[in-house]
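Reading the structure
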Amino acid sequence: MYESAVIEVPIGSIAITAKNGAIISLRFENPEKYGDGAGLKTAEREIREYFAGKRKKFTLPVEPEGTEYQKRVWKAVMAIPYGETRTYRWVADVAGGSPRSAGNALGANPIPIIIPCHRVLRKDGSIGGYSSGTEIKRYLLKLELENR
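Overview of the structure. Worth saying up front: this structure is predicted, and the values here are computed from it rather than measured. (Residues numbered from 1 in each chain as written. Predicted model: local features only at pLDDT ≥ 70, side-chain atom pairs only at ≥ 80, totals over all residues. Heavy atoms only, no water.)

**Let's talk about the overall build of the chain**
To be explicit about the condition: Put simply, DSSP H or I for four residues or longer makes a helix, DSSP E for two residues or longer makes a strand, and each gets a number counted from the N terminus. Computation of the radius of gyration draws on C-alpha atoms, with the globule rule given as 2.2 Å multiplied by the number of residues to the power 0.38.
What the chain contains, in helices and strands, is 5 helices and 5 strands. Overall, the chain shows an N-to-C arrangement of helices and strands of β-β-β-α-α-β-α-α-β-α. For 148 residues, the compact-globule formula gives about 15 Å, and the C-alpha radius of gyration of the chain, at 15 Å, lands near that figure. The dimensions of the chain, computed from C-alpha atoms along their principal axes, are 45 × 35 × 25 Å.

**Some thoughts on unusual backbone geometry**
For residues other than glycine, phi is negative in most cases, and the peptide bonds are mostly trans. Non-glycine residue Asn20 carries a positive phi angle of around 55°. Summarising the element assignment, Asn20 is placed in the loop between strand S2 (12-19) and strand S3 (22-29). Positive phi, close to 75°, is recorded for Ile113, a residue that is not glycine. The residue Ile113 is located in the loop between helix H4 (99-107) and strand S5 (120-121) in this model.

**A closer look at the sheet that holds S2**
Sheets are built from strands paired through backbone hydrogen bonds, the pairs being either parallel or antiparallel. As a reminder, the rule being used: For two strands to be treated as a pair, DSSP must find no fewer than two bridges joining them. Convention adopted: a line fitted to C-alpha atoms gives each axis, helices being fitted over their contacting stretch, and angles between N-to-C directions are expressed from 0 to 180 degrees.
An order of S1-S2-S3 is seen for the 3 strands of this open sheet, with the pairing classed as antiparallel. Two strands close off the open sheet at either side, each with one partner strand: strand S1 (2-9) and S3. With strand direction ignored, the average angle separating the axes of adjacent strands in the sheet is 20°. By the bridge criterion, 7 bridges tie S2 to S3 in an arrangement that is antiparallel. Along S3, the bridge assignment pairs Ile14 with Phe28.

**Things to note about the nonpolar core**
The test is simple: Buried Ala, Val, Leu, Ile, Met, Phe, Trp, Tyr and Cys residues form a nonpolar core when they are joined through side-chain atoms within 4.5 Å. For the exposure calls, accessible area comes from a 1.4 Å probe over protein chains only, and a residue counts as buried if that area is under 20% of its type's maximum, exposed if over 50%, partly exposed in between. The criterion used for residue contact is that any of the two residues' heavy atoms lie within 4.5 Å.
Membership of the largest hydrophobic core comes to 39 residues, with the highest contact counts inside it found for Ile14, Ile23, Ile47, Phe51, Val73 and Ile113. In this view, Val73 contacts Val91, Ala95, Ala102, Ala105 and Leu106; residues no more than four positions away in its chain are not counted.

Right, here's the structure in full:
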């Protein structure tokens, strides 16, 4: 069973979708209301707490849809602690690929924030890319740095 909801956060709207109680998608966008999100109250609360600087780790079940390699990359990224960063090379070494393939997998991340791909930087420390735009990536990194 699919459920979805839209919540407002300091940087816009986020659409959350769950399948059988597990988050499968989180998108930054200006979406239409998908439903009342009655089953997503915990997700809404945890995301609001994150943006308030009060939540450092999510407890939500996630089941992102992707290839086995993408899932290894996303699992590696979930191990990066709040307020810390790693490089695409680090992710590639953990997941068993190249920095480019890791970057491509991160670009396909269907659950940003909860799968914190914003914590991955280039080897020279520059920001790199972000599926929702580098302005949002900078915002998330700054939020975490300020609330460590």
